[in-house]
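# Structural features, examined
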Amino acid sequence: MSDKKSKPNIINRRRVITGLGTLAATSLLPQRLAAQASNEADILIIGGGMAGASTAFHLAEQGRDVVLLERGEIASEASGQNMGGLGGSGWGNNPNLLSYLTAGSVEIFKRMQIDMGYDMEFRLSGTLTAIHTEEQYEYYQDDVAAQKAGGYEIDLLSSREARAIEPELNGELPGFMYRPQRGQADPVKTTRAFAHAAGVAGATITTGQNVVSITPLSAGGYSVRTESTEYRCQTLVLATGAWCGPVGEMLGLKIPIIPIRGQMWATASLPTRVLHTIGSTVSSFAWSRDNGADAVTPPNLTHKNGRRTVRHLYGRQRKNGEIIFGGDRESLGYITTPDPAGIEVNRSHAAEVIPLLASLPIARTWAGLMPFSVDGSPIIGKIPLRDNLFIVSGLASSGFGRGPMAGKLAADYIHTGNMNPVMAESDPARCVTEA
Ligand SMILES: Cc1cc2nc3c(=O)[nH]c(=O)nc-3n(C[C@H](O)[C@H](O)[C@H](O)COP(=O)(O)OP(=O)(O)OC[C@H]3O[C@@H](n4cnc5c(N)ncnc54)[C@H](O)[C@@H]3O)c2cc1C
């Protein structure tokens, strides 16, 4: 995505934002953003997380008539509960879907905060990923070299080099991977910024609307019923995250998305000690040998059949001073109660990388549900089994950072009728079936 392409829109948004004064830059979101309520829309999006909010924003920007329905508040599920990590290793020499979703989203984050004036606590901090053993170090030496040859921005640092830019790291570890094109932002502020921008561009964002049934109309389009209201639309977009399964059933479809519990913990606020987002290669190294997937289990989970198979780690220090970490990914249905034993494993893993964490008490914990597809790839595009039906989901453990571009790719497809060829990998036709 070039800066040139986005400039006319930036100018338009600036005009609108100037007219709104400080409202556009706040994270406060009114229950209804658009002036006029409407139960009829050309395009109706279900789900007010990052996937739905970005799709709504990019469609409304194209002048399309959009209604978004969210049963809770904007960002009340995974999009507001995540760690806030984003980005990847740049576009590479031959951009694929992953490059679009990571590097493309970084461009959208920059546009929203720097050009449009939303305070999302976004910064391209870079990520440092700890290497724990000599065996891992050798593996990642080759991996980093291969990625660099492909045009990706990634480096292998000695502990000494890494501690020069992140002083609290454990100097006893063999080394760190450094990805400068990764960063962080506040999940709630960011997702609400996208919904707000969608409203400013003309979309109707309606919260407190739990969709309970969907009926295709004989004349074309859909009737979408919530507990209180009937809506009608020509085109329907499912952006219901971990709830794509049950929402798909309303249409007689089987959408293979499984809710995976992710859980996190936070210290109390303290002065700045951690500058980058932080990870560990323990999990990616293990998954490179066996990703644990089978016909009903998505790849790259930390638990299988109730037992831990690997430790996973990601974290950062928030602008408010809390140091937050998480990592577990477990299939437990719709349970969102954190598991203290898993939190303790994660905390000791984090302390191996940043020793000061060993002495800091846990101030709070929380959990949310990530939308994992069974085959591990995103599900973004047209569902050919029904007319004018689209989905933006399956963003798994990375949908906060990748959701902005996922929404733009979906919006461009809906608006132009043409699928960007990079979306072949996310084509819903590969896995969405009749129930
Ligand atoms: C603990 C944790 C840490 C994470 N860390 C990161 C990270 O650092 N970086 C990253 O990129 N990603 C991270 N993720 C993953 C990321 O949060 C998700 O991939 C992403 O938020 C998914 O966005 P979404 O819009 O698809 O789903 P959601 O945010 O879940 O939004 C779906 C929305 O649909 C609504 N909905 C569902 N059913 C209905 C209905 N019937 N009617 C109306 N509305 C409905 C829900 O209320 C919800 O608001 C993490 C997730 C968790 C849980």
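Residues numbered from 1 in each chain as written. Predicted model: local features only at pLDDT ≥ 70, side-chain atom pairs only at ≥ 80, totals over all residues.

Turning next to the overall build of the protein. Within the protein one finds 11 helices and 22 strands. In summary, the protein has a C-alpha radius of gyration of 21 Å against a globular reference of 22 Å for 435 residues, a match within 12%. In terms of overall dimensions, the protein has C-alpha extents of about 65 × 50 × 45 Å along its principal axes. Scored against the burial criterion, the 435 residues of the protein give a buried share of 51%. Once local pairs closer than 6 in sequence are excluded, the contacts in the protein between residues at least 24 apart make up 75%. (Helix = DSSP H or I, 4+ residues; strand = E, 2+ residues; numbered from the N terminus. Rg over C-alpha atoms; globule rule 2.2 N^0.38 Å. Buried ≥ 20, exposed ≤ 12 C-beta atoms within 10 Å, placed from the backbone. Contact = placed C-beta atoms within 7 Å.)

One finds Leu44, Ala56, Val66 and Ala198 to be the most contacted residues of the largest nonpolar core, which totals 86 residues. Looking at this core element by element, the count peaks at eight residues for helix H4 (residues 97-115). Each of two domains, domain 1 (3-118 + 187-256 + 376-434) and domain 2 (127-180 + 258-373), supplies a minimum of three residues to this core. Counting 27 residues, the second largest nonpolar core, distinct from the first, contains Ala162, Leu169, Leu313 and Tyr314. (Core = buried A, V, L, I, M, F, W, Y, C linked by C-beta atoms within 7 Å. Domains from an automatic or database assignment.)

Another point: the domain arrangement of the protein. The assigned domain composition of the protein is domain 1 (3-118 + 187-256 + 376-434) and domain 2 (127-180 + 258-373). Placing the centre of domain 1 and that of domain 2 at their C-alpha centroids yields a distance of 28 Å. Counting residues at the interface gives 26 residues for domain 1 and 28 residues for domain 2. Counted by class, the side of domain 1 that touches domain 2 contains 10 nonpolar, 15 polar and one charged residues. (Nonpolar A, V, L, I, M, F, W, Y, C, P; charged D, E, K, R; others polar.)

Remark: helix H2 (residues 50-61) packs on helix H7 (residues 187-200), axes separated minimally by 8 Å, with the N-to-C direction vectors making an angle of 30°. Judged by the angle between their axes, H2 and H7 are roughly parallel. Judged by the twist between their axes, the crossing of H2 over H7 is left-handed. Taken together, the residues of H7 that come into contact with H2 (itself represented by Met50, Ala53, Ser54, Ala56, Phe57 and Ala60) are Thr191, Phe194, Ala195, Ala197 and Ala198. (Axes fitted to C-alpha atoms, helices over the stretch in contact; angles between N-to-C directions. Parallel < 35°, antiparallel > 145°, perpendicular 65-115°, else oblique. Left-handed = near helix turned anticlockwise from the far one by under 90°.)

Attention shifts here to the confidence of the model for the protein. Low pLDDT marks regions whose predicted coordinates should not be analysed in detail. Residues at a pLDDT of 70 or more form 91% of the protein, whose mean pLDDT is 92. For residues 1-36, every residue scores under 50 in pLDDT, and the model assigns this stretch 40 contacts once sequence neighbours within four places are set aside. (pLDDT = per-residue confidence, 0-100.)

Let us now look at H4. With 19 residues, H4 extends 25 Å between its outermost C-alpha atoms, agreeing within 8% with the 27 Å of an ideal straight helix rising 1.5 Å per residue. With respect to burial, H4 is a largely interior element, 14 of its 19 residues being buried. Phi turns positive one or two residues past the end of H4, at Gly117, with a value near 90°. (Expected span 1.5 Å × (residues − 1).)

Judged by how many residues are buried, strand E13 (residues 257-266) sits mostly within the fold: 10 of 10 residues are covered. The side-chain alternation of E13 yields two buried faces, one formed by Ile257, Pro259, Arg261, Gln263 and Trp265 and the other by Ile258, Ile260, Gly262, Met264 and Ala266. By the bridge criterion, 10 bridges tie E13 to strand E19 (residues 364-373) in an arrangement that is antiparallel. Its bridge partner lying in E19, Gly262 is registered against Gly368. Both E13 and strand E18 (residues 323-330) contribute to a ladder of five bridges, which runs antiparallel. Bridged to Ala266 within E18 is Ile324. (Pairing = 2+ DSSP bridges.)

The next subject is the site of the ligand. In the neighbourhood of the ligand, 47 residues make up the surrounding shell, with Gly49, Asn82, Gly241, Gly368 and Gly399 lying closest. Contributions of two or more residues to the shell around the ligand are made by H2, helix H3 (78-81), strand E3 (85-87), E13, E19 and helix H11 (399-416). No other element matches the five residues that H11 contributes to the shell around the ligand. For the shell around the ligand, the per-class residue count stands at 19 nonpolar, 24 polar and four charged. The residues that make up the shell around the ligand include at least three from each of domain 1 (3-118 + 187-256 + 376-434) and domain 2 (127-180 + 258-373). (Near = placed C-beta within 6 Å.)

Here the focus is the packing of H2 against H11. H11 packs onto H2 with a crossing angle of 40° between their chain directions and a minimal axis gap of 7 Å. Considering their axes alone, H2 and H11 lie oblique with respect to each other. As for the relative orientation of H2 and H11, their crossing is right-handed in sense. Between H2 and H11, the residues in contact are Met50, Ala51, Ser54, Thr55, Phe57, His58 and Leu59 and Gly399, Phe400, Gly403, Pro404, Ala406, Gly407, Lys408, Ala410, Ala411, Ile414 and His415, respectively. Looking at the contact of H2 with H11 residue by residue, the classes come out as 10 nonpolar, seven polar and one charged.

Residues in a regular strand project their side chains so that they alternate between the two faces of the sheet. On strand E2 (residues 66-69), burial covers both faces: Val66 and Leu68 on one face and Val67 and Leu69 on the other are all buried. Strand direction decides the pairing type here: strand E1 (residues 40-46) and E2, joined by four bridges, are parallel. Bridging from a neighbouring strand, Ile45 pairs with Leu68 of E2. On the question of chirality, the crossover connecting E1 to the parallel E2 by way of H2 is right-handed. As paired strands, E2 and strand E8 (residues 204-206) are joined by three bridges and run parallel to one another. Pairing of Val67 across the sheet is with Thr204, part of E8. (Right-handed = clockwise from strand over helix to strand, strands pointing away.)

Ordered by their spatial adjacency, eight strands build an open sheet running E5-E6-E4-E14-E17-E18-E13-E19, and the pairing between neighbours is mixed. Both edges of this open sheet fall to strand E5 (155-157) and E19, since each of them pairs with a single strand only. With direction set aside, neighbouring strand axes in the sheet form an average angle of 25°. As judged from the four bridges shared by strand E4 (residues 127-131) and strand E14 (residues 277-280), these two strands associate in the parallel manner. Bridge pairing in E14 links Thr127 to Thr277.

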